[in-house]
Amino acid sequence: MTAAIPGLIGVLILVGLWEILALTVFDYVGSGVPTPTSVMTRFFSDWSSGLYGRNVGQTLKEAATGYIVANALAIVLGVAFVQMPLVEKALLRIAIASYCLPIIAIGPILTFVLHGDAPQAALAGLLVFFPSLVGVVTGLRSVDRQSLDLIRACGGGSWTQLTKVRLRAALPSAFSGFQIAAPSAILGAIVGEFLGQQGSGLGIMMIDAEQALNADRTWGIALFCTLAAGAAYVVIGWLGRAAAPWAPKAVRRS
């Protein structure tokens, strides 16, 4: 609790500066930046009216789908990379290319190829896959060599090493990758909604607010998305600490 006080103070100072600048400098230059007070008033009004309830679930479903599928694929491919180096040589560059693809360019293509909320989930998965893959592969390869030698001396092969040592040792690093990728899943889903411009979701909600020139609602949605991404990061960090309580604090800290 004490460790969170400096961060809370920093947030309060930032909000206070925002309020002052919005009422003075930004208002003078006509930038249209709303005050935190007006943004929060609009947010609670929209929340009580059920506007968020109709859209948050859709975005979270898309993000969760992409996140789960991409992480499952990252685990499978990470194991294949470590166990079969030939697979890594064949597919590693493709994995890197998938992360380098500009989502603004690939989004419209996915919208044409896929249907329903699949394009949004696919974009979320694209942003999640590579960080998770790096975490899994790094963890699987960071195992203590003496443990591997002991299993080999007892007659165990590479798959015994994987199940008895590598998977357990990989948990801290893997969850670090999962944690970093969690906010990206929400970002990918929202960007996919922006590009699709149909259905429901926070991205669609933001488009409607921008078209209506409702600055308070637009800023409120943006702040909510930021909080949702931060919450995802914290939750995965908690799960990582629970899954690997033996990991050093420097590794487990979210």
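**Here we look at the overall build of the protein chain**
Across its full length, the protein chain holds 12 helices and zero strands. Walking the protein chain from its N terminus toward its C terminus, one meets helices and strands in the order α-α-α-α-α-α-α-α-α-α-α-α. The principal-axis extent of the C-alpha atoms belonging to the protein chain is close to 75 × 50 × 30 Å. A total of 254 residues make up the protein chain; the buried ones form 39% of that total. In the protein chain, the share of contacts with a sequence separation of at least 24, taken over all contacts with a separation of at least 6, comes to 69%. As presented, the protein chain carries roughly 14200 Å² of accessible surface, and 71% of it is formed by carbon and sulfur atoms. Computed over 16 positive and 12 negative side-chain charges, the separation of the two mean positions in the protein chain equals 18 Å.

**A short note on helix α6 (residues 103-113)**
Among the residues of α6, Ile103, Ile106, Gly107 and Leu110 are the ones counted as buried. Down the axis of α6, the buried set is contained in an arc of 115°. They therefore lie on one face. Exposed side chains of α6 directed beyond 90 degrees from the buried face belong to Ile104 and Phe112. Its buried side turned inward, α6 meets α7 (118-141) and α9 (158-196).

**Quick word on the pattern of salt bridges**
Under the defined criterion, the tally for this structure stands at four salt bridges. When the shortest N-O distance is used, the salt bridge between Asp46 and Arg217 registers 2.8 Å. Placement of the pair is Asp46 in helix α3 (residues 36-48) and Arg217 in helix α11 (residues 215-243), with a sequence separation of 171 residues. A single salt-bridge network, built from bridges that share partners, covers Arg42, Asp46 and Arg217.

**Regarding the packing of aromatic side chains**
The tally for this structure, following the rule as stated, stands at 10 aromatic pairs. Here the aromatic rings of Phe43 and Tyr52 are separated by 4.9 Å at their centres, their planes lie at 65°, and the arrangement is edge-to-face. Taken together, a centroid distance of 5.7 Å and an interplanar angle of 35° make the contact between Trp47 and Tyr52 tilted. Each residue in the set Phe43, Phe44, Trp47, Tyr52 and Phe224 is aromatic and connected to the rest through ring pairs, giving one cluster.

**Here's the deal with the confidence of the model for the protein chain**
Per-residue pLDDT for the protein chain averages 85, and the proportion of residues at 70 or more is 93%. By mean pLDDT, the top-scoring element of the protein chain is helix α4 (residues 53-83) (93), and the lowest-scoring one is helix α12 (residues 249-252) (49). Residue range residues 250-254 is modelled with pLDDT below 50. Its contacts to residues more than four positions away, or to other chains, number 11 contacts.

**Concerning the nonpolar core**
Judged by nonpolar contacts, the single largest core of 42 residues is most densely connected at Tyr52, Tyr67, Leu133 and Leu202. With 11 residues, α9 is the single largest residue contributor to this core. Discounting residues that sit within four places of it in the chain, Tyr67 has contacts with Val128, Phe178, Gln179, Ala181, Ala182, Ala185 and Ile236. Ile103, Leu110, Leu123 and Val191 belong to the second largest nonpolar core, which has six residues in total.

**Quick look at the layout of surface pockets**
What the largest pocket holds in volume is close to 280 Å³. Of all the secondary-structure elements, those providing two or more residues to the lining of the largest pocket are α1 (4-23) and α3. Considering every element that reaches the lining of the largest pocket, the biggest residue donor is α1, with five residues. Residue classes in the lining of the largest pocket are distributed as eight nonpolar, no polar and no charged.

**What about the environment of Trp238?**
If you trace the backbone, Trp238 turns up in helix α11. Trp238 sits in the exposed class, given a relative accessible area of 53%. Measuring from C-alpha to C-alpha, the distance between Trp238 and Gln179 comes to 9.4 Å, with 59 residues separating the pair along the chain.

**Things to note about a nonpolar patch on the surface**
A grouping of Ile5, Ile9, Ile13, Leu17, Leu21 and Val25 is seen on the molecular surface, where their side chains present a nonpolar patch of about 510 Å² in accessible area. In terms of residue count, α1 provides more of the nonpolar patch than any other element does, five residues in total. Of note, Leu21 is situated in helix α1.

Parameters and conventions
Residues numbered from 1 in each chain as written. Predicted model: local features only at pLDDT ≥ 70, side-chain atom pairs only at ≥ 80, totals over all residues. Heavy atoms only, no water. Helix = DSSP H or I, 4+ residues; strand = E, 2+ residues; numbered from the N terminus. Buried < 20%, exposed > 50% of the residue type's maximum accessible area, 1.4 Å probe, protein only. Contact = heavy atoms within 4.5 Å. Areas by Shrake-Rupley, 256 points an atom, 1.4 Å probe, with all protein chains shown as cover. Lys, Arg positive; Asp, Glu negative; His and termini not counted. Charge placed at Lys NZ, Arg CZ, Asp CG, Glu CD. Arc of directions from axis to C-beta. Salt bridge = Lys/Arg side-chain N within 4 Å of Asp/Glu carboxyl O. Phe/Tyr/Trp six-rings, centres within 6.5 Å; stacked < 30°, edge-to-face > 60°. pLDDT = per-residue confidence, 0-100. Core = buried A, V, L, I, M, F, W, Y, C linked by side-chain atoms within 4.5 Å. 1 Å grid on protein atoms, 1.4 Å probe; cavity = no way out; pocket = protein on both sides within 12 Å on 5 of 7 lines; lining within 4 Å. Points joined across faces, edges and corners; volume = space filled by probe spheres on them. Nonpolar A, V, L, I, M, F, W, Y, C, P; charged D, E, K, R; others polar. Patch = residues over 30% accessible without salt bridge, like charges linked within 9 Å, V, L, I, M, F, W, Y side chains within 5 Å.

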